[in-house]
Amino acid sequence: MNQLYDFAIIGTGAAGSVLSYFLSQSGASVCLLEAGKNIPAGQYPTNELHANSRLFWQGGMELNHQANLLFLRGKVVGGGTVVNQCLLDRFDQIAIDNFKQHSGISWFNSQELNQHYCQIEQHLRLEVIPKQYWNGNAHLYAKGFESNQLKYAPLRRGQNQCHNHKANDCIVCLGGCNRQSKQSMTVTFLPKALQQNVHLIDQAQVQQIIYGKPQVVVYGTKNNHPLQVRAKRVIVAAGAIGSTELLLKSGFGQSLPALGKGFFCHPQHMVFADMPEPVDAHKGAFQALKSADPRFRQQGFKLENVFGGPIATAMMKSGYGISHHQFMQRYRHLACIEVAIQDENAGQIKLTRKGQLRIHKVLSDLDQQKVNAGIEQIYNIFSSLRPNVIYKPHMPIGLHLMGGCTIGIDPNQAVINENFQLFGYDNIHVVDSSIFPCAPGINPSLSVMALAHKASQVILDLAGYQPVTTHSKQPTWLEEAL
Ligand SMILES: Cc1cc2nc3c(=O)[nH]c(=O)nc-3n(C[C@H](O)[C@H](O)[C@H](O)COP(=O)(O)OP(=O)(O)OC[C@H]3O[C@@H](n4cnc5c(N)ncnc54)[C@H](O)[C@@H]3O)c2cc1C
């Protein structure tokens, strides 16, 4: 490809799509490269097995080096926003202060970030699920919290009329929302970006970035054919694991000692309870509530009102044979609460000598204490509901993958500077969840989008473009809805 783009962006997830929209708005030319497929509206797989194998890296079976922690990350145009629950929370003061402290960057403050949250929220519909549409699992969650005098609150969800009155099985949103209600990138920023000067190449897996001035060259494959893209600036937005792996494979680890370090994932353990009556947790609006007890936040965990499809549920139960079969026969009777922790023990993303990805991530004693504190609360909640059995959790999952290319002021401790530039390579940027300097303990994707908006302004300025600014007040419908 002979064209020299102003910007090449690698990855179309929460960060890459937002960037493509705001960068191209200023008139710049953008090439957007994505390893996954561009699936047309309404054509996401309709069963769990196909969704796992077609929408996730490694078919949804990516593990840490000890094979005792599962990571899920989207591989599709729209990235994680296509397969996530789209719970969209702003960071609280604790998370913002932690980011500032770990990075040393002064613009991590609520005044600055609020402007960027507002810029993003103008493009999204956020709703809460009214009590009349709570499903069986949500009712049990609320009852158990009330019995134990614990606080809960409605979740802020990125969705636009899920038609809950038609008793939809909203659990399918984890495999792509065919109703186009979920506010993924494919219904929000991406269609608008593609009306501007953006060239999207899907099924294009980038394998190497070669630094140069005045252009950076990106090499990869498209449908197994070689692909080369040239741009004045490259922005790596391939997610925590994807961005780190790509930069390591491109050889930047030699000059950037922090590359790959500081990996976090909010490990989550699902606790199931077998209830005497059917719960039908897989029916209806499946995640309506969140824990809102300030003591939980202080202790570094939260309790989630989630459930899983049959395959996910089967994987979360240890054992096999008759006992496992009997567990699955009770699927309709299962209630579930999950504990997600704010992990403190940083993992590391590495390459083996053969150049294969290896993720070192273990829970420290402190992390395990947080898990235990959360599980104890869940046992209290479930016990008050008189279940037949409560099942101990088996394997944790990491859905919020963060770090590896952390932002900061010290090139020995961080990978990118406050202008989102790789230290020493000023026309290569990283903008996505990989730049997080620590685990926030809060759903990350709204903040990934807000940081992408901030980055678009900084990068346009560095490139000599004028960012297009709009008013940044919180939309009034949002204030009313929440
Ligand atoms: C099941 C699940 C549920 C979740 N629920 C929530 C939730 O409710 N709320 C929330 O805030 N967060 C949630 N998350 C996390 C959230 O989706 C991520 O934090 C967010 O998508 C991260 O954005 P990103 O831009 O950093 O990366 P991603 O959205 O992961 O995008 C990265 C993109 O880069 C592509 N890519 C990677 N490597 C390459 C390469 N070499 N070449 C080309 N392309 C490449 C990937 O295929 C992917 O499309 C969930 C995640 C999962 C998996």
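The residue numbering used here restarts from 1 in each chain and proceeds along that chain's sequence as written. Local features in a predicted model are, by the rule used here, given only for residues with pLDDT of at least 70; side-chain atom pairs are given and counted only at 80 or more, and totals for whole chains, interfaces and linings are based on all residues. Hydrogens and water molecules were not included; the side-chain quantities draw on all heavy atoms of the structure.

A. Quick look at the UniProt feature "domain: Glucose-methanol-choline oxidoreductase N-terminal" (unreviewed entry) in the protein chain. UniProt positions are given in the numbering used here, feature names are shortened, and annotations may be inferred rather than shown by experiment. Mapped onto the present numbering, the UniProt feature "domain: Glucose-methanol-choline oxidoreductase N-terminal" (unreviewed entry) falls at residues 54-267. Under the scheme used here, helices are H or I runs from DSSP no shorter than 4 residues and strands are E runs no shorter than 2 residues, and both carry numbers assigned from the N terminus. Summarising residues 54-267: 27% helix, 21% strand, and an end-to-end C-alpha distance of 24 Å.

B. Inspection of helix α4 (residues 93-103) at higher detail. Three or more residues of α4 are buried, namely A95, I96, F99 and S103. Each buried residue of α4 sits inside an arc of 100 degrees when the element is viewed along its axis, so together they form one side. Any two residues having at least one pair of non-hydrogen atoms within 4.5 Å are treated as being in contact. Looking at the buried side of α4, the elements it contacts are α5 (110-121) and α9 (294-299). Count one or two residues on from α4 and you reach G104, which has phi positive near 75 degrees. Exposed residues in this analysis have more than 50% of their type's maximum accessible area, buried residues have under 20%, and partly exposed residues fall in between, with area computed by a 1.4 Å probe over protein chains only. In this description, one arc is meant: the one made by directions from the helix axis to the C-beta atoms.

C. Representation of the domain arrangement of the protein chain in the model. Throughout, the edges of the domains are those of an automatic or database domain assignment. We note that the domain assignment places domain 1 (1-39 + 76-84 + 89-123 + 184-264 + 400-482) and domain 2 (129-174 + 266-345 + 357-395) within the protein chain. Between the C-alpha centres of domain 1 and domain 2 the distance comes to 31 Å. Between domain 1 and domain 2, the residue contacts involve 23 residues of the former and 15 residues of the latter. Throughout, buried area stands for the accessible area (probe radius 1.4 Å) lost by two parts on being put together, summed over both. For the domain 1 and domain 2 pair, buried surface summed over both sides reaches about 1700 Å², with 49% attributable to carbon and sulfur atoms.

D. Structural view of the sheet that holds strand β18 (residues 357-360). The strand order across the open sheet formed by three strands is β12-β17-β18, and the pairing between neighbours is antiparallel. Each end of this open sheet is capped by a strand with a single partner; those strands are β12 (261-263) and β18. Taken pair by pair, the neighbouring strands of this sheet meet at an average axis angle of 40 degrees, ignoring direction. Strand pairing is defined by DSSP finding a minimum of two bridges between the two strands. Inter-axis angles, ranging from 0 to 180 degrees, are taken between N-to-C directions of lines fitted to C-alpha atoms, where helices are fitted over the stretch in contact.

E. Inspection of the pattern of salt bridges at higher detail. Note on definitions: salt bridges are taken to be side-chain nitrogens of Lys or Arg within 4 Å of carboxyl oxygens of Asp or Glu. Here the structure, examined in full by the defined rule, presents 16 salt bridges. Here R297 makes a salt bridge to D92, at a shortest N to O gap of 2.8 Å. Here the residue R297 occupies a position in helix α9, and D92 occupies one in the loop between α3 (80-83) and α4, the gap between them amounting to 205 residues. Through salt bridges with shared partners, one network takes in R90, E121 and R156.

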